[in-house]
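Here is what each chain is made of, one letter per residue.
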Amino acid sequence: MPMKPGLRKLALTIHITSSVGWLGSVAGFLTLAIMGLFSREGITVQATYLGMDWLTTYIILPFSIAALLSGIVQSLGTSWGLFRHYWVVVKLLLTILATSVLILHTQPIRSLGREAAAKPFSATDFRETRIQLVADAVAGIFVLLTATALAVYKPRGLTRYGWRRQREQRKESAPEKSSI
Amino acid sequence: MVQSSPGSDNEDYVTPRWVKVFGTIALVLILIFAIIHLTGHGLGGHSLHGMGLKP
């Protein structure tokens, strides 16, 4: 169902803001994760993991859900559709993947924050988990950049469903044209 | 991308090349990820035990 221009602009504004905010906050998370991994000052490491817990819960997670939902609304409310064009489908899958991985990793990040609050870490404490958080953030940025590039370039290509719909629309409009 | 002559009923559906390339890369990445996890070379799991947060 097509949206009215004013509503469409509002939905697009929400989608762009949440998507860009998501990418920016994951970049911030990566900075903190690197700082937490390499810093030798206990208080800095402690503050870093506490900050990462808050950043994930109150910024990254809300932005990711807002980006996913506003993207679905945006595609359903415009002629692009949700399953007609490959770039929309691929972007949707990437967003679902990134949000799922984020939700899956929220609990360990929260636990690491609690552990950091209880006592300062040494360089070797939870090292594998701390390396994994850096890797997660790098992978997240890569996925979000890919999604952004897809939205900007919009590579051509109809899905099988989109192709069928286009043919049906052509057939419907053909008799109208011939009758004019 | 659809190879067709406009208005023709004999159009053939063709999957775009970029989708095939993208799908192949995604498949390879998923396979690498699965192999790393199955062989136990991952950096941790998703549980507190797996993430090394509990003894």
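What to know about helix α3 (residues 86–118) of chain A
Residues spaced three or four apart along an α-helix face the same direction, because each turn holds 3.6 residues.
Step number 1: An ideal rise of 1.5 Å per residue puts 48 Å on 33 residues; α3 of chain A measures up with 48 Å between its terminal C-alpha atoms.
Step number 2: The largest bend in α3 of chain A comes to about 35°, at H105 of chain A, with the proline P108 of chain A one to four residues further on.

Focus: the side chain of T106 of chain A
Residue and element names in this part refer to chain A.
Step number 1: Relative to the helices and strands, T106 is located in helix α3.
Step number 2: Here the side chain of T106 touches L102 through a polar contact of 2.7 Å, landing on its backbone oxygen.
Step number 3: Setting aside residues no more than four positions away along its own chain, T106 makes contact with T56 and L61.

Looking at the pattern of salt bridges
Residues and elements named next belong to chain A.
Step number 1: By the definition in use, this model includes 1 salt bridge over all chains.
Step number 2: Note that D53 and R110 form a salt bridge whose closest N and O atoms lie 4.0 Å from each other. Taken together, the positions of D53 in helix α2 (residues 42–76) and R110 in helix α3 put the pair 57 residues apart, joining distant regions of the chain.
Step number 3: A relative accessible area of 12% means that D53 is categorised as buried.

Conventions used here
Residues numbered from 1 in each chain as written. Chains lettered and ligands numbered in written order. Predicted model: local features only at pLDDT ≥ 70, side-chain atom pairs only at ≥ 80, totals over all residues. Heavy atoms only, no water. Helix = DSSP H or I, 4+ residues; strand = E, 2+ residues; numbered from the N terminus. Expected span 1.5 Å × (residues − 1). Bend = angle between axes of the 7 residues up to and from the residue. Polar contact = N/O pair within 3.5 Å; in protein donor to acceptor, adjacent residues only side chain to side chain. Contact = heavy atoms within 4.5 Å. Salt bridge = Lys/Arg side-chain N within 4 Å of Asp/Glu carboxyl O. Buried < 20%, exposed > 50% of the residue type's maximum accessible area, 1.4 Å probe, protein only.

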